[in-house]
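One letter stands for each residue in the lines below.
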Amino acid sequence: MIRDCQADLEYQPISNHDRVEDHQITVCVRKRPMNKKEMNKKDIDVITIPQKESVLVHEPKLKVDLTKYLENQHFRFDFALDENATNEMVYRFTAKRLVECIFSKGMATCFAYGQTGSGKTHTMGGDFDGKKQDVTKGIYALSAHDVFKLLQKPENKKKDLVVGCSFFEIYSGKVFDLLNKKSKLRVLEDGKQIVQVVGLKEEPVTNVDNVLKLIAHGNNVRTSGTTSANQHSSRSHAVFQIILRSRKNNRLFGKFSLIDLAGNERGKDTQSSNRQTRMEGAEINKSLLALKECIRSLSNKGVHVPFRASKLTQVLRDSFIAENAKTCMVSCYFKCFF
């Protein structure tokens, strides 16, 4: 029934020739291809991306008389990328415009959001070969390439900027520095009500190779664990920041925060887990709920943005309320089976 419906659809998937529109808040979805385990189980792919902005969910249902029928639900996003999209294509439609924004004194934020096992760390960090990760092919690395490329433009050379990077994780409501032996950090507001991550190490970088080494080191020490839904589940929110400062006075010029969020999970998926894993899942879902409320407030142009609801939204406060702030959400998902 589902396959017949998919066969009748007219497909016009997104391509590199499509125009990239600029928004203050962009929501993009990326579909992960089915893996070997799912194929061996003969799971059915119930999600189709027929157009560059639309997602179709096929939900098999039963009528009162037990007659089977198919309910197709349509969802619309700024960009929808199917299972054939590469990280380079995802980057072009999501983070590329945000890199340009920070050279105009902007605060940019890019999130990878989704259930555990949906491909967030693959999207942000790079391709996996077993347990090894190729950090040259993720959004972190692609953003760094463009930062140093734009830095060489004549109009940006005049600004006399230097580049620095920081990398920290938020695990169970606590902040740890991934570039400084996972030392515990404090999040405080200063006298000007600007949120400061006290003690966070900011490494100066002069080329892309420096950035790749920091990414690889941070990914290796990041907190991960095993859940019933994913063997290598990220149990913390990882925040990698590319920071531009003025060489003269070290004043902040622009900042790009790239966040690989921890995988959200339903209670149903963690029933076989131990208490520690369930507590981690509860903390993850709580912070993701706070993030959702902040983005909702931004999209509705609300006066109050509830950034104090979690450590994640608190450390990203300047990205939410700055005048020249831009946000992109990359929602990763995979097949569903009803």
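Up top you'll find the structure we're talking about.
Residues numbered from 1 in each chain as written. Predicted model: local features only at pLDDT ≥ 70, side-chain atom pairs only at ≥ 80, totals over all residues. Heavy atoms only, no water.

*Asks:* Which residues make up the overall build of the protein chain, and what are the values?
*Replies:* Across its full length, the protein chain carries 11 helices and 18 strands. Here the C-alpha atoms of the protein chain give a radius of gyration of 21 Å, agreeing with the 20 Å that 2.2 N^0.38 yields for 338 residues. In terms of its C-alpha atoms, the protein chain occupies a principal-axis envelope of roughly 75 × 50 × 45 Å. Counting across all 338 residues of the protein chain, residues that qualify as buried make up 50%. Within the protein chain, contacts between residues separated by at least 24 positions form 68% of all contacts whose residues are at least 6 apart in sequence. Within the structure as shown, the protein chain displays about 17,800 Å² of accessible surface, and the carbon and sulfur contribution to it stands at 50%. Between the averaged position of the 55 positive side-chain charges in the protein chain and that of its 39 negative side-chain charges there is a distance of 5 Å. (Helix = DSSP H or I, 4+ residues; strand = E, 2+ residues; numbered from the N terminus. Rg over C-alpha atoms; globule rule 2.2 N^0.38 Å. Buried < 20%, exposed > 50% of the residue type's maximum accessible area, 1.4 Å probe, protein only. Contact = heavy atoms within 4.5 Å. Areas by Shrake-Rupley, 256 points an atom, 1.4 Å probe, with all protein chains shown as cover. Lys, Arg positive; Asp, Glu negative; His and termini not counted. Charge placed at Lys NZ, Arg CZ, Asp CG, Glu CD.)

*Asks:* Residue-level account of helix α6 (residues 139-151), with values.
*Replies:* Between its first and last C-alpha, α6 extends 18 Å over 13 residues, near the 18 Å set by a 1.5 Å rise per residue. Within α6, 11 of the 13 residues are buried, which leaves it mostly tucked inside the rest of the structure. Those residues of α6 not exposed but buried are I139, Y140, A141, L142, S143, A144, D146, V147, F148, L150 and L151. (Expected span 1.5 Å × (residues − 1).)

*Asks:* Let's hear about a positive patch on the surface: which residues, and what values?
*Replies:* A cluster of basic side chains, namely K105, K159, K192 and R251, defines a positive patch on the protein surface. With respect to the helices and strands, the residue K192 is situated in the loop between β11 (183-189) and β12 (195-198). (Patch = residues over 30% accessible without salt bridge, like charges linked within 9 Å, V, L, I, M, F, W, Y side chains within 5 Å. Salt bridge = Lys/Arg side-chain N within 4 Å of Asp/Glu carboxyl O.)

*Asks:* Help me get a handle on the pairing of strand β18 (residues 325-333), residues and values and all.
*Replies:* The buried fraction of β18 is high, at 9 of 9 residues. Side chains A325, T327, M329, S331 and Y333 of β18 all project onto a buried face; the interleaved residues K326, C328, V330 and C332 project onto the opposite face, where all are buried too. Bridge count for strand β1 (residues 25-31) against β18 is 7 bridges, and the pairing is parallel. Paired with I25 across the bridge in β18 is T327. As paired elements, strand β6 (residues 107-114) and β18 share 8 bridges and run parallel to each other. The partner of C110 across the bridge, within β18, is C328. (Pairing = 2+ DSSP bridges.)

*Asks:* Before we move on, could you go through the sheet that holds strand β4 (residues 68-76) and cite the residues and values that matter?
*Replies:* Strands sit in the order β2-β3-β4 across an open sheet of 3 strands; the sheet is antiparallel. The strands lining the two open edges of the sheet, one partner per strand, are β2 (47-51) and β4. Strand-to-strand, the axes of this sheet are offset by a mean angle of 30°, without reference to chain direction. Relative to strand β3 (residues 54-62), β2 runs antiparallel, the two sharing 3 bridges. Considered in β3, the bridge of Q51 is made with S54. (Axes fitted to C-alpha atoms, helices over the stretch in contact; angles between N-to-C directions.)

*Asks:* Explain the pattern of salt bridges residue by residue, including any values.
*Replies:* Applying the stated criterion to the full structure yields 19 salt bridges. Here K52 and D18 are joined by a salt bridge, their closest N and O atoms 3.5 Å apart. Of this pair, K52 sits in the loop between β2 and β3 while D18 is found in the loop between α1 (2-8) and β1, placing the two residues 34 residues apart along the sequence. Between K201 and E203 there is a salt bridge, with its nearest N and O atoms 3.1 Å apart. Several salt bridges share partner residues, and in doing so they unite D22, R97 and K326 into one network.

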